[in-house]
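Architecture and fold: a report
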Amino acid sequence: MKIPPSHPRRESLLVREKLIEGYRKGLVALPGLIAHGRGEAFDYILGEKTHPPAKKAIEAAAALLLLAKHPVLSVNGNTAALVPEYIVGLSRVTGAKIEVNLFYRTREREEAIAEELKKYGAEEVLGVGEDASATIPELFSERRRVSPRGILIADVVFVPLEDGDRTEALRKMGKKIIAIDLNPFSRTARAANITIVDNIVRAMPLLIEEARRLKNMPRRFLEDLVNNYNNDLVLRDMVKIILERLKSISENKIVLEIP
Ligand code: ATP
């Protein structure tokens, strides 16, 4: 598809193309395309940019991943289609393991996602086939399966684009959760310890940059960043940004571009 460089929705349309391609490659499940639409709607309202509260969450998330003993990056189809290179990059900088964790689990999709990540340099991808032999309590069916070398023993789990049930179940297991979710009202956003309210395609490069910057800082400094972080406040600030943007648009202070 040809999208003119001047098209105001260009970036967003390119991301859609990536997801469609991911669907054709067997990485993305159909409901994943719909879930992306919910995210896009919030991104539209947020002006498709990374706001200061999201930057604060990114800094705290980088610090928490660097402090963790057993950090794990949980990867679903949309994440593998949109940011595979950045998942591998984040895993390298923080030493986190990578695990496939799917809502709609099939062996084919697990393997396709692991292959895709390996194409971008991942050495090990957990959670494929028999490796996902442990279970998360309180979740049903295939969604409960995790790797005993990964999410089961993790102290910090990074769950971009996750659903609320699993986030809550992981929290109940005592894990610290970092989420990326454009919807500040979702159960995932509310249940996570750190919620980055931003598009995954913008947040991932920033998260890697932050992890690189913080990597050589003293442990105490990172602990202070995490301890001083308040997710409720950050979520409320994101809602305020939505309110202010809608108010400005309604008063004609921000004029929306018409393609
Ligand atoms: P919950 O179960 O947490 O209440 P939900 O039912 O909306 O939320 P899902 O539909 O499972 O959750 O997941 C989709 C979530 O992912 C949505 O909240 C959406 O905002 C978010 N999302 C989708 N695409 C992106 C993206 N590219 N970047 C960031 N967030 C996204």
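Look up a bit, the structure's there.
In this report, we go over the structure that sits alongside the text. Keep in mind it's a predicted model, so treat the numbers as computed, not measured.

A tally of regular secondary structure across the protein gives 11 helices and seven strands. For the C-alpha atoms alone, the extent of the protein along its principal axes is close to 55 × 45 × 35 Å. When burial is assessed residue by residue, the protein has 53% of its 259 residues classed as buried. Intrachain contacts of the protein at a sequence separation of at least 6 include 66% that bridge at least 24 residues. For the protein, the centre of its 41 positive side-chain charges and the centre of its 36 negative side-chain charges are spaced 2 Å apart.

This part covers the environment of Arg105. Among the secondary structure elements, Arg105 is positioned in the loop between β2 (97-100) and α6 (107-119). Considering only alpha carbons, one finds Arg105 and Ser133, 28 residues apart in sequence, at a separation of 13 Å. Beyond its immediate sequence surroundings of up to four residues, Arg105 is in contact with Val100, Glu110, Gly127, Ala132, Glu142 and Arg145. One polar contact links Arg105 to Glu110, side chain to side chain, over a distance of 2.6 Å. At 2.9 Å, the side chain of Arg105 forms a polar contact with the backbone oxygen of Gly127.

This part is about the site of the ligand. Taken together, the neighbourhood of the ligand is formed by 16 residues, with Arg38, Gly164, Asp181, Arg187 and Thr188 sitting nearest. Separating a nitrogen atom of the ligand from a backbone N or O atom of Leu182 is a distance of 3.1 Å. Here an oxygen atom of the ligand sits 2.9 Å away from a polar atom, N or O, in the main chain of Arg187. When the ligand sits alone it has 630 Å² of accessible area, and the protein chains cover 87% of it.

A few words on the side chain of Thr188. Positionally, Thr188 belongs in helix α8 (residues 187-191). Residue contacts for Thr188: discarding those within four places in its chain leaves Glu162, Asp163, Gly164, Thr167, Ala179, Asp181 and Thr195.

In this section: the pairing of strand β1 (residues 71-75). Most of β1 sits inside the fold, with five of its five residues counted as buried. Here β1 shows no split at all, with Pro71, Leu73 and Val75 on one side and Val72 and Ser74 on the other all buried. One ladder, built from three bridges, connects β1 with strand β5 (residues 156-160); its direction is parallel. If you follow Leu73 over to β5, its bridge partner there is Phe158.

Looking at the largest pocket, its volume works out to about 750 Å³. Ala35, His36, Leu161, Glu162 and Asp163 are the residues nearest the centre of the largest pocket, which is lined by 30 residues in total. Elements with a minimum of two residues in the lining of the largest pocket: α2 (30-46), α4 (77-82), α7 (164-172) and α8. The biggest single contributor to the lining of the largest pocket is α2, with seven residues. Partitioned by chemical class, the residues of the lining of the largest pocket number 11 nonpolar, 11 polar and eight charged.

Criteria and thresholds
- Residues numbered from 1 in each chain as written.
- Predicted model: local features only at pLDDT ≥ 70, side-chain atom pairs only at ≥ 80, totals over all residues.
- Heavy atoms only, no water.
- Helix = DSSP H or I, 4+ residues; strand = E, 2+ residues; numbered from the N terminus.
- Buried < 20%, exposed > 50% of the residue type's maximum accessible area, 1.4 Å probe, protein only.
- Contact = heavy atoms within 4.5 Å.
- Lys, Arg positive; Asp, Glu negative; His and termini not counted.
- Charge placed at Lys NZ, Arg CZ, Asp CG, Glu CD.
- Polar contact = N/O pair within 3.5 Å; in protein donor to acceptor, adjacent residues only side chain to side chain.
- Near = heavy atom within 4 Å.
- Areas by Shrake-Rupley, 256 points an atom, 1.4 Å probe, with all protein chains shown as cover.
- Pairing = 2+ DSSP bridges.
- 1 Å grid on protein atoms, 1.4 Å probe; cavity = no way out; pocket = protein on both sides within 12 Å on 5 of 7 lines; lining within 4 Å.
- Points joined across faces, edges and corners; volume = space filled by probe spheres on them.
- Nonpolar A, V, L, I, M, F, W, Y, C, P; charged D, E, K, R; others polar.

Don't take any of this as a statement about function, it's just geometry.
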